[in-house]
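Breakdown of the fold
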Amino acid sequence: MQVWKFGGTSVGKPERMKSIRQLITEDGNAKIVVLSALSGSTNSLLSISESLLAGQIAEAQSKAKVLRDHYDTFLSELYQTELGLAKGKSIVDKEFAFIDQLIATSPYGTKQEKEMVALGELLSTQIFEAYLQEEGVNSLLLPALDFMVIDEDNEPILKKIEENLGAILAKQPGKQIYITQGFICRNPQGEVDNLKRGGSDYTASLIGGAIAAEEVQIWTDIDGMHNNDPRIVKNTFPIRELSFAEAAELAYFGAKILHPSTITPAKLKGVPVRLKNTMEPSAYGTLISEKSTDVEIKAIAAKDNITAIYIHSTRMLNAYGFLKRVFEVFEKYKTPVDMITTSEVSVSVTIDQTTHLDSIMSELREFAELEDPDKDQVIICIVGNFWADKEGIAIKVLNAMKNIPIRMISYGASEHNISLLVDAKHKNESLNALNEGLFF
């Protein structure tokens, strides 16, 4: 069995949904199909929540009506029979009645907001499964809230997901297509929660790992992962093959096509992940697996909204235990560090989560001297095969960047990653310079 995931733009219009039905059924093989919310729905639901959190009930009701009108139009264009349309309307009636119930809830808080946002996936999957039934497809809806669970640290519990999903599938064998929701899950309290934005990719990979799938396919509207950001750089091209490690680096450091956590469960179970284009289904896309090619430099990605912190030891030379104390502060505030560079008495780090920045700086000042942090920075990540005996790779990168100021460099910690920190104003220039210097 394979797992196929389709994002919001892939299901955002009735004609796209019809195309997906043809895609998933034409080979006759069994699949679990993971769907995101219809494009724009999650943002609309978040906007309704924002109004409710601000106490603006009438505004929330008005936004909900606009969204309901959109779904009514969508249904009328999707279903071909009166019976199908009636079933679609009953689904929408039920879920929007729940929206009205949430709007009337007082006080409206985080719990209700998560329930509100989950409705995007609950609507898209029920609407699509009803359409498959209308088309005579042997299909079944698998509610993600019945098997997808996270722990106290908001991490998926893969073993529990495997047990839950295995039990459900054992009771419902023989279906060609199983439909389920991306993104949504339950937390340890049994409440509706989510895998954060972009989490539908993660859902697909978790399911793929749980069932030891033949392959996980992530379908988007571009032809695989490109060697650079096509929105900024001209003359980019899709990468045919990546290793799990290479893809993980690219996803973490800004390649938008893939959620950063997606690779982990697939890698754990050795399940290949293929990135495909719904607009060009015959295109090869990008295959991510345990194998890698001998291509030296594969791709470039950029991670925005980075803050650099410069820390100097007050004990000067041979300050053993200094790094330990530094990282204990970041651990205390659950703030991951992206890059680190060190000298005899100093350490520079970058973070992308600044919620606790003031508290972190305050505690670091108890045993170190700090410079003012540099905000609005960008990490440029170059990914490829950089084995220790390779020669000339660093000079190629630095030559390409010779006219651009570099704040930090990280090289050697990984065989697949060279990272550069630059000011955000140099981002586009850096991506274009590296593309020209490394690929042409």
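Nothing here was measured: the structure is a model prediction, and the numbers come from that model.

1. Some details on the pattern of salt bridges
As enumerated under the stated definition, the model contains 23 salt bridges in all. Asp153 is the salt-bridge partner of Lys334, the closest N and O atoms lying 4.0 Å from each other. Within this pair, whereas Lys334 is found in the loop between helix H10 (322-332) and strand E12 (340-342), its partner Asp153 is found in the loop between strand E3 (139-141) and helix H6 (158-171), the two being separated by 181 residues in sequence. Each member of the pair, Lys334 as well as Asp153, carries the same accessibility label: exposed. The structure contains a network of salt bridges with shared partners spanning Arg68, Asp72 and Asp93.

2. Some points on the side chain of Asn417
Tracing the sequence through the fold places Asn417 in strand E17 (residues 417-423). Separated by 2.9 Å, the side chains of Asn417 and Glu249 make a polar contact. Looking at Asn417, its side chain comes within polar contact range of the side chain of Ser419, at 2.9 Å. Residue contacts for Asn417: discarding those within four places in its chain leaves Glu249, Phe253, Cys381, Ile382, Phe386, Ser410 and Tyr411.

3. Focus on the packing of helix H3 (residues 57-78) against helix H4 (residues 82-103)
At their nearest, the axes of H3 and H4 sit 11 Å apart, and the two run at 170° to each other. When the interaxial angle is binned, H3 and H4 end up roughly antiparallel. Each of Ile57, Ala60, Gln61, Ala64, Leu67, Arg68, Tyr71, Asp72, Leu75 and Ser76 in H3 lies in contact with H4, whose residues at this interface are Leu85, Gly88, Lys89, Val92, Asp93, Phe96, Ile99 and Ile103. Tallied by class, the residues present in the contact of H3 with H4 amount to 11 nonpolar, 3 polar and 4 charged.

4. Thoughts on a nonpolar patch on the surface
Taken together, Leu398, Ile409 and Tyr411 make up a surface patch of nonpolar side chains, about 260 Å² in accessible area. Here Ile409 shows up in strand E16 (residues 408-411). According to the relative accessible area criterion, Ile409 is partly exposed, its value standing at 41%.

5. What about the sheet that holds strand E8 (residues 241-243)?
Sheet architecture is open: 8 strands sit in the order E3-E4-E2-E1-E7-E9-E10-E8, paired in mixed fashion. Here the strands that pair on one side only, and so sit at the sheet edges, are E3 and E8. Strand-to-strand twist across the sheet, computed as the mean angle between neighbouring axes with direction ignored, equals 20°. Sheet strands touched by helix H1 (residues 14-25): strand E1 (2-6), strand E2 (31-35), strand E4 (177-181) and strand E7 (216-220). Its angle to E1, the strand with the most contacts, is close to 165°.

6. Here's the deal with unusual backbone geometry
In this chain, Ser106 is followed by Pro107 through a cis amide linkage whose omega measures 0°. Topologically, Pro107 is positioned in the loop between H4 and helix H5 (110-134). Its identity as a non-glycine residue notwithstanding, Ala212 has a phi of 50°, on the positive side. Position of Ala212 among the secondary structure elements: in the loop between helix H7 (199-210) and E7. Unusually for a residue other than glycine, Asn235 sits at a positive phi of about 65°. One can find Asn235 in the loop between E7 and E8.

7. Focus: the packing of H4 against H5
Direction vectors running N to C along H4 and H5 enclose 175°, while the axes themselves pass 9 Å from each other. Classed by the angle they form, the pair H4 and H5 counts as roughly antiparallel. When H4 is examined against H5, the residues Gly84, Lys87, Ile91, Val92, Lys94, Glu95, Phe96, Phe98, Ile99 and Leu102 are found in contact with a partner set consisting of Gln112, Glu115, Met116, Leu119, Leu122, Leu123, Gln126, Ile127, Ala130, Gln133 and Glu134. Classifying every residue of the contact of H4 with H5 gives 12 nonpolar, 4 polar and 5 charged.

8. Quick word on the packing of aromatic side chains
The description of two aromatic rings rests on the distance between their centres and on the angle between their planes. Summed over the entire model, instances satisfying the criterion amount to 9 aromatic pairs. Residues Tyr71 and Phe96 carry aromatic rings whose centres are separated by 5.8 Å and whose planes lie at 65° to one another, so their mutual orientation is edge-to-face. Placement of Tyr71 in helix H3 and of Phe96 in helix H4 is noted, with a sequence separation of 25 residues between them. Looking at Tyr71, the relative accessible area reads 0%, which means it is buried. By way of ring pairs, the aromatic residues Trp4, Phe6 and Trp219 are connected into one cluster. Over the face of the ring belonging to Phe96 we find Arg68, whose NZ or CZ atom lies 5.7 Å from the ring centre.

The rules behind each value
- Residues numbered from 1 in each chain as written.
- Predicted model: local features only at pLDDT ≥ 70, side-chain atom pairs only at ≥ 80, totals over all residues.
- Heavy atoms only, no water.
- Salt bridge = Lys/Arg side-chain N within 4 Å of Asp/Glu carboxyl O.
- Helix = DSSP H or I, 4+ residues; strand = E, 2+ residues; numbered from the N terminus.
- Buried < 20%, exposed > 50% of the residue type's maximum accessible area, 1.4 Å probe, protein only.
- Polar contact = N/O pair within 3.5 Å; in protein donor to acceptor, adjacent residues only side chain to side chain.
- Contact = heavy atoms within 4.5 Å.
- Axes fitted to C-alpha atoms, helices over the stretch in contact; angles between N-to-C directions.
- Parallel < 35°, antiparallel > 145°, perpendicular 65-115°, else oblique.
- Nonpolar A, V, L, I, M, F, W, Y, C, P; charged D, E, K, R; others polar.
- Patch = residues over 30% accessible without salt bridge, like charges linked within 9 Å, V, L, I, M, F, W, Y side chains within 5 Å.
- Areas by Shrake-Rupley, 256 points an atom, 1.4 Å probe, with all protein chains shown as cover.
- Pairing = 2+ DSSP bridges.
- Phe/Tyr/Trp six-rings, centres within 6.5 Å; stacked < 30°, edge-to-face > 60°.
- Lys NZ or Arg CZ within 6 Å of the ring centre and 35° of its normal.

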